[in-house]
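Given next are the chains, with one letter for each unit.
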Amino acid sequence: MSKCLIGSLVFFPLAASIISFLIGKKDKKLRNGFVKLVCIAEFLLAVGLFAGYTAGNEKIDLILPGICGMGLSFTTDGFRSIYAVIAAFMWAITALLSEEYFAHYRNRNRYYFFYLITLGATEAVFLSADLYTTFIFFEIMSFASYVWVAQDEREASLRAALTYLTVAVIGGMVMLMGLFLLYTQSGTLVISELRQACAGKDVTVAAICLLFGFGAKAGAFPLHIWLPKAHPVAPAPASALLSGILTKTGVFGILVISCKMMFHDGMWGTFLLVLGVLTMVVGAVLALFSCDFKRTLACSSVSQIGFILVGVGMQGLLGEENLLAVRGTFLHMVNHSLFKQVLFSVAGVIFMNLHKLDLNEIRGFGRKKPWLAGIYLMGTLGIGGIPLWSGYVSKTLIHESIVEYIHLIGEDRSHIALFGVSDMKIIEWLFLISGGLTVAYMCKLFAAVFLEENRDKAVQASFDANTSYIGMPGRIALTAAAVLFPLFGMTPHLTMDRLADLAQPFMGAEGEAHRIAYFSFTNLKGGLISIGIGLAIYFMIVRTWMMKKTPDGNKIYTNKWPKILDLEDYLYRPVLLQILPGICGGICYVLDHLMDTAAKILPIAGSVQAGFFDTVTDGVIVFLRKTIYKDSPVQYELDEGNEVTAFLGRMMNRIVYLLNHTIWRKHPNTTDYVHRMALAFAEFKENTAIIGRSLSYGLILFCLGFCATLIYLLVSAFS
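Structure report, in brief.

## Considerations on the overall build of the chain
Then comes step 1: For the chain, the helix and strand inventory stands at 26 helices and four strands.
Then comes step 2: In the chain, the proportion of contacts linking residues at least 24 apart, taken out of those at least 6 apart, comes to 80%.
Then comes step 3: For the chain, the accessible surface area stands at approximately 32,100 Å², while carbon and sulfur atoms represent 67% of it.

Structure (C-alpha cells):
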C-alpha cells in the first residue's frame, strides 16, 4: 500500500496534468475545480504516506527498473515524508488562490498543465532514492517551471524566464558532469550508499559540480541572479512555489552532498559556511534596498537560503557534535517554505487588485484591511525571528551551533578547519546583523502597505473602500497557513522538536537532542540583538537615507542600489554573449592560421587531403541525388509557413469546406487554416529560438566541461 502511495504522489499529478488540459479546452470552470481536487488529493496522499511512516518507522522503497535506462527508484524516511507533505500542502494552498488570481489572465490552461507537472516532479525529487532519479525529475521540474516565469509573455517576463532557464540549463549540465565523476569514483548513485562508497575517496571535484547545479536552483550566491529577476514578473502563486519549495529541492541536493558524500568534512563545511554567509548577507542587503514588494521577498529568499547554508556548513565543522546545526537547518527549511507561501500570497492579493507592486504606488492599500494585515504580520514576525513565532526557534538553533563551535575551538584546537575564534565571532555577528536586516526590510514592507497613507488622497479613499479584495477560499487557505507560525513557535517542544527528530537521521545525526530552553535569557539574547539591530537600521537608514522628500512635501521610497552591481547585466551576460564568443572566435582564428601554415609547409599532403574529401563528398551527393532525392524539382516558395503547415492547412480547409456545405450551412467557418497553421508555426519558432539561445550557451559549457571531465578521468586512471 505504501509503495502505491509513493507512486501515486509522483505520477498522479503528471497524469492529471493531461486530463486538466483536455478539460480546460471545453470548460474552464470545471478545469479549475479539477485542479483543486487533484492538489487536495495529493495533500491527503502525502499525509497518508507520512502517517504510515511515523506509525511503522520503516523505510519503504519503490523501484521501477528499465525506465530511462538505469531505472527509477524512490524511497521514504522522516525527512522525505515531511517534505512530501509540505510540497503538497503548498500546492493545495496556491490552487485555492489561483482561480481568483488568474481570472483575467490568458493561457491559464497552459499554466495549470505545467503547474501539475511541476508538482509531480517536485515530489519525485524529494522521494528519489538515487541521484539519477533526482537528476531526471530535477530537470523536468526546471523546464516545467520555466513556463511560470514566462506566463504573461511580456518583454520583462521573457527576459527573466530566459535568465531562469539559462541558469537551470547550465546548472543541470554541470550537475550531470558531477554525476559522471561520482559514479566513476564511487560506483553508485544510491543516496543511502554514498557515505560508505565515498569514504576514503577524493570526490571533491564531483561534489563541487553537484553543488553548482543544486546551488543554482537553491539561489546560492553568486548563482542567485534568477530569483530577483523571476519573482517580480512571475504570477504570485508561482512565486510562492518557486521561492518556498523549488529552492528547497536545491537544498535537498546540497544536503545529500554534505551529509552523504562529504560527511563530517571540516574543509567542506568551512567552504559551505563562507558560501552561506555571503548568500545571507548579500540577499539581505539587496532586499533592504529594493522598492518592489515581490523583489524584496525574492531577495529575502536568497538571504534565508544563506541562513540554511550556514547551518549546513556548521554541520560539517561540528562533526559528530552537530545536532543543533542539523535540527536548525531542517527547521529553517520548513519555516522558510511556509513563510514564503504566506508572504508571496499576500503580494498576490495586492497585485490582483492593483496590478502594481512598487511600494510608492501600493502605499496604504492595507490600512483598513485588518485580516490581510494580520496574515502578513504572522509571516513578518515569523521570518524576522521574533520570539513565540517559529522562525525564532530555527534561527536560535543555528545561532547556538555557531556559539557551540566557538566554545569548542576555544577549548580544543583540533576542531579548527580554517577559522579561529575571532573569525567565528565575526561570522556570528554577521549572522545577527543579517537577522536584523530581515527585521528592517520586513518592517519597511509592513509600514508602507499597512500603516502609511498614499500620497494621493483619492487613491487612498479607493483603497479604503475596497473590502472585497479576496474571496473566501483564499481567506481560508491563507489563514490555515499563517496560524502555523505562532502555533509552532509557542509549542516548539511539542511540534518543531518532533519534526526535527524525524528528519535528523537523513543528515546523519544520531542520538536524542537534549531539551533546549528556547525562552531562556541565554537563547533569547541573540534574537533580541537582531531585533534591536533591525529597528535601528529601519529608523536610522530606511526612514532617512532611503527616502526622499518630493516637492509636495511627501516622502517616497528610493532605490539607491548601484546598477553597476547587477551581476547578470554587468558580468554574466557580457561574459556569455561577448567575451566567451570572442575567446572561441580567437581560438578558431589561431587554428585556421595553423592549418593554413601546415598546408603551405605540406602542399602535397594538403592537396591530397583536399582532393580525397572533395571526392568523397561529391560521391555522397551523387548517391543521394540518384536514390533518395532523385533530383526532384524545386518547390515553389511559400508566402508563409512551410510545406507541412501548408499541407495541414489545405487538408483542414477541405474538411471545413465539406462541413460548411453540410452541417454548418447556417454558420459557416471562414477561417483560413493555411494562414492559421503558419502563424502557429511562427509562434513555435519564436519560442524555440528563445529556448535555443539559452540552451546553446549551456551546451557550449557542457562540451567544454565534458572534455575537462574526460581528461580528468584519464589522468586519474593512469596516475
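## Considering the environment of Tyr105
Then comes step 1: When you line up the elements, Tyr105 lands in the loop between α3 (78-101) and α4 (108-127).
Then comes step 2: A relative accessible area of 18% places Tyr105 in the buried class.
Then comes step 3: Setting aside residues no more than four positions away along its own chain, Tyr105 makes contact with Gln151, Asp152, Pro235 and Phe351.

## Points about the pattern of salt bridges
Then comes step 1: What the rule picks out here adds up to eight salt bridges.
Then comes step 2: Between Asp77 and Arg80 there is a salt bridge; the shortest N-O distance is 2.7 Å.
Then comes step 3: Overall, Asp77 belongs to the buried group, its relative accessible area being 13%.
Then comes step 4: Its salt-bridge partner being Arg327, residue Asp501 comes within 2.7 Å of it at the nearest N-O pair. Note that Asp501 is positioned in helix α21 (residues 496-503) and Arg327 in helix α13 (residues 323-354), a separation of 174 residues in sequence.
Then comes step 5: The exposure class assigned to Arg327 is buried, which follows from its relative accessible area of 4%.
Then comes step 6: Taken together, the shared-partner salt bridges connect Arg327, Asp497 and Asp501 into one network.

## Some thoughts on the nonpolar core
Then comes step 1: In this structure, Tyr115, Met261 and Phe293 are the most contacted members of the largest nonpolar core, which totals 194 residues.
Then comes step 2: Ignoring sequence-local partners within four residues, the contact set of Tyr115 consists of Val35, Cys39, Trp91, Thr94, Ala95, Trp148 and Leu241.
Then comes step 3: Residues Phe307, Met424, Ile427 and Leu432 belong to the second largest nonpolar core, which totals 20 residues.

## What to know about α21
Then comes step 1: Those residues of α21 lying buried are Met496, Asp497, Leu499, Ala500 and Ala503. When α21 is viewed along its axis, its buried side chains cluster within an angular range of 160° and face the same direction.

## Regarding the pairing of strand β2 (residues 72-76)
Then comes step 1: Burial runs high along β2: five of the five residues are buried.
Then comes step 2: In this structure, strand β1 (residues 60-64) lies alongside β2, joined through five bridges in antiparallel fashion. Across the sheet, Ile60 pairs through a bridge with Thr76, a residue of β2.

## Structural notes on the side chain of Asn109
Then comes step 1: You can see Asn109 is positioned in helix α4.
Then comes step 2: Ignoring any residue separated from it by four or fewer positions in sequence, one finds Asn109 in contact with Ser20, Phe21, Gly24, Lys25 and Arg31.

## So, a nonpolar patch on the surface
Then comes step 1: Among the surface-exposed residues, Leu535, Phe539, Met540, Ile541 and Trp545 lie close enough to one another that they form a single nonpolar patch of about 540 Å² accessible area.
Then comes step 2: Among the structural elements, Leu535 can be located in helix α22 (residues 521-542).
Then comes step 3: Leu535 sits in the partly exposed class, given a relative accessible area of 38%.

## Considering the environment of Ala536
Then comes step 1: With respect to the helices and strands, the residue Ala536 is situated in helix α22.
Then comes step 2: As for Ala536 and Gly436, which are separated by 100 residues in sequence, their C-alpha atoms are 8.7 Å apart.

## Regarding the packing of aromatic side chains
Then comes step 1: Inspection of the entire model under this criterion finds 36 aromatic pairs.
Then comes step 2: Aromatic pair Phe11 and Phe74: ring centres 6.3 Å apart, planes at 90°, arrangement edge-to-face. Here Phe11 is found in helix α1 (residues 2-26), whereas its partner Phe74 is found in strand β2, with 63 residues between them in sequence.
Then comes step 3: Exposure remark for Phe74: the relative accessible area of 1% places this residue in the buried category.
Then comes step 4: Its end group placed over the ring of Phe263, Arg195 keeps NZ or CZ at 4.0 Å from the ring centre.

Calculation rules
Residues numbered from 1 in each chain as written. Predicted model: local features only at pLDDT ≥ 70, side-chain atom pairs only at ≥ 80, totals over all residues. Heavy atoms only, no water. Helix = DSSP H or I, 4+ residues; strand = E, 2+ residues; numbered from the N terminus. Contact = heavy atoms within 4.5 Å. Areas by Shrake-Rupley, 256 points an atom, 1.4 Å probe, with all protein chains shown as cover. Buried < 20%, exposed > 50% of the residue type's maximum accessible area, 1.4 Å probe, protein only. Salt bridge = Lys/Arg side-chain N within 4 Å of Asp/Glu carboxyl O. Core = buried A, V, L, I, M, F, W, Y, C linked by side-chain atoms within 4.5 Å. Arc of directions from axis to C-beta. Pairing = 2+ DSSP bridges. Patch = residues over 30% accessible without salt bridge, like charges linked within 9 Å, V, L, I, M, F, W, Y side chains within 5 Å. Phe/Tyr/Trp six-rings, centres within 6.5 Å; stacked < 30°, edge-to-face > 60°. Lys NZ or Arg CZ within 6 Å of the ring centre and 35° of its normal.

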